[in-house]
Amino acid sequence: MTELACCGRNDPGFTRPSYSPEETEAHALVMRSADDLGLSIRQDAAANTYMTLPGRNRTLPPILIGSHLDTVSHGGNFDGAAGVVAGLAAVAAIQSLGLIPDRDITVMAVRAEESVWFQVSYLGSRAALGTLPEGALAITRVDTGRDLANHIAASGGDPEALRGGAPPLDPSAIHAFLEVHIEQAPSLVEAGIAVGICTGIPGNFRYPDAQILGRYDHVGTPRRFRRDAAMAGAEIALALDRIWQANEEAGRPMAVTFGRFHTDGAAHGLTTVPGEFRFSLDVRAYEANMLAKIEEQFLAQVATIVARRNVDIVLGPRAEVAVGEVSSRIRGGLEAAATALGIATMPLGSPASHDAAAFAKAGVPMAMLFVRNANGSHNPDEAMEIDDLTDAVAILTTWLVAETRCD
């Protein structure tokens, strides 16, 4: 983890954009560690990295353990990266015990999990699984303006192979996918427990670039004449907050985030009624039918606000991610491993999206372990303790030994 902190240091925190030289440097670092362990190493057409401990029977479907190495701008060093390190540590533990698994165990360093850079989730894992949305390779990165295909090629991948060839991974030929990740809300900290066992990953729907068009007016314009885009935006936010509160009170967890919420900086002013307003929206929940109902309610509110405020609302492109269902069998195995080791755990629903959800959507049995983290994630103050990570590694290793009949 200390060595990874040298990749993309950008005070405060770390910035390793998806498909950037900084992310590539982090992949090179973990490959060097894998080479020190004698693992076989390869990269696919999307520049994902695979580091494999060979099993006795290499025709059996492998187990993948993975997470990502990219960060948000000025993020922390643990989000994603701790999961790759945990996978390598588990493999090293199995080697140190002189054990050989019955099937390959592969640690996967995934590209481009952070959707902030291309505004699409799980680009690396979905490219590997052949589930990229149509037109994804033409999507541009928000800071460079260059498209995904260009960035993949610059990072050593082969976008043309992704366009027409077979996907790098066959979901039906993967035994399981496991991911270790820091918690992203301080639930484990609150409970005084080092490790959580994931119960599910929320799906979401997103509108990354919505626009409200009203009319710019003088500040003295009476209310009945106004077409105030900012007030329309405020109404939308409050309407969704009421939906959120009602679901929360009914015991149905969800989350609403307006990541961008602003007037036009080039035109707004103290004495001007806003004629334009922009926002991004991310809504997530743990059940597909609940997500569909929330979106239906949201769109009904939009129609009402358009009529009441006399504005136009252009929601723009829509994206979605399916709910990630955890394998009950693997979850039970992880719980048994923790019990055998005397490590206290608790069930924990993920408040955030993860690469593991892309594997679950593709039909791969999936599970996750969360590691205690005091200050949330996507910020420079992520506060995972290495001792807590090693507890997660111990649980993961114990499960791997049992699952692969190591001897």
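It should be noted that the structure appears before, not after, this text.
Residues numbered from 1 in each chain as written. Predicted model: local features only at pLDDT ≥ 70, side-chain atom pairs only at ≥ 80, totals over all residues. Heavy atoms only, no water.

Caption draft 1: Inspection of the layout of surface pockets at higher detail. A volume near 890 Å³ is recorded for the largest pocket. The wall of the largest pocket is formed by 30 residues, among which Ser115, Arg206, Asp282, Arg284 and His378 lie closest to the centre. Listing elements by their share of the lining of the largest pocket, those giving two or more residues are strand E7 (203-213) and strand E12 (276-285). A per-element tally of the lining of the largest pocket places E12 first, with 4 residues. Classifying every residue of the lining of the largest pocket gives 9 nonpolar, 14 polar and 7 charged. (1 Å grid on protein atoms, 1.4 Å probe; cavity = no way out; pocket = protein on both sides within 12 Å on 5 of 7 lines; lining within 4 Å. Points joined across faces, edges and corners; volume = space filled by probe spheres on them. Helix = DSSP H or I, 4+ residues; strand = E, 2+ residues; numbered from the N terminus. Nonpolar A, V, L, I, M, F, W, Y, C, P; charged D, E, K, R; others polar.)

Caption draft 2: Inspection of the pairing of strand E2 (residues 49-53) at higher detail. Burial of E2 is extensive: 5 of the 5 residues sit out of reach of the surface. Residues Thr49, Met51 and Leu53 of E2 are buried on one face, and the alternating residues Tyr50 and Thr52, pointing to the opposite face, are buried as well. When strand E1 (residues 40-43) meets E2, the two strands line up antiparallel, connected through 4 bridges. For Ile41, the partnering residue across the bridge sits in E2 and is Met51. What sits between E1 and E2 in their antiparallel hairpin is a turn of 5 residues, with Ala47 showing a positive phi close to 70 degrees. As defined by bridge partners, E2 adjoins strand E4 (residues 105-110) across 5 bridges and the pair is classed as antiparallel. The residue of E4 that forms the bridge with Leu53 is Ile105. (Buried < 20%, exposed > 50% of the residue type's maximum accessible area, 1.4 Å probe, protein only. Pairing = 2+ DSSP bridges.)

Caption draft 3: Layout of the pairing of E7. Extensive coverage of E7 is indicated by the burial of 9 of its 11 residues. Pairing of E7 with E12 involves 9 bridges; the strand directions are antiparallel. The residue bridging Ala210 from the neighbouring strand is Phe279, located in E12. With 3 bridges joining them, E7 and strand E14 (residues 319-321) adopt antiparallel strand pairing. Following the sheet pairing, Arg206 is matched in E14 by Ala319. Summarising the sheet, E7 and strand E13 (residues 312-314) pair through 3 bridges and their orientation is antiparallel. By the bridge assignment, Ile212 is partnered in E13 with Ile313.

Caption draft 4: Here's a closer look at the pattern of salt bridges. Summed over the entire model, instances satisfying the criterion amount to 21 salt bridges. Notably, a salt bridge pairs Arg9 with Asp11, separated by 3.6 Å at the nearest N-O pair. When its relative accessible area of 49% is taken as the criterion, Arg9 is described as partly exposed. On the basis of relative accessible area, Asp11 is assigned to the exposed category, the value being 58%. Here Asp282 and Arg284 are joined by a salt bridge, their closest N and O atoms 2.9 Å apart. Linked through salt bridges whose partners overlap, the residues forming this network are Asp209, Arg260, Glu276 and Arg278. (Salt bridge = Lys/Arg side-chain N within 4 Å of Asp/Glu carboxyl O.)

Caption draft 5: Representation of unusual backbone geometry within the structure. Each neighbour pair has its own omega, and for Asp11 with Pro12 the value is -5 degrees, a cis peptide bond. Relative to the assigned elements, Pro12 resides in the segment before helix H1 (21-36). Positive phi values are uncommon outside glycine, yet Tyr19 reaches one of about 55 degrees. Looking at the element boundaries, Tyr19 is found in the segment before H1. The exposure class assigned to Tyr19 is buried, which follows from its relative accessible area of 2%.

Caption draft 6: Layout of the sheet that holds strand E16 (residues 366-371). In spatial order, the strands read E1-E2-E4-E3-E5-E16-E6-E15; together these 8 strands make up an open sheet with mixed pairing. If you trace the sheet from one side to the other, it starts and ends with E1 and strand E15 (345-348), each paired once. The sheet shows a mean angle of 25 degrees between the axes of neighbouring strands, direction not considered. Here strand E3 (residues 63-68) runs beside strand E5 (residues 176-182); their pairing, made up of 3 bridges, is parallel. Each residue of the ladder has a partner; that of Ile63, found in E5, is Ala176. (Axes fitted to C-alpha atoms, helices over the stretch in contact; angles between N-to-C directions.)

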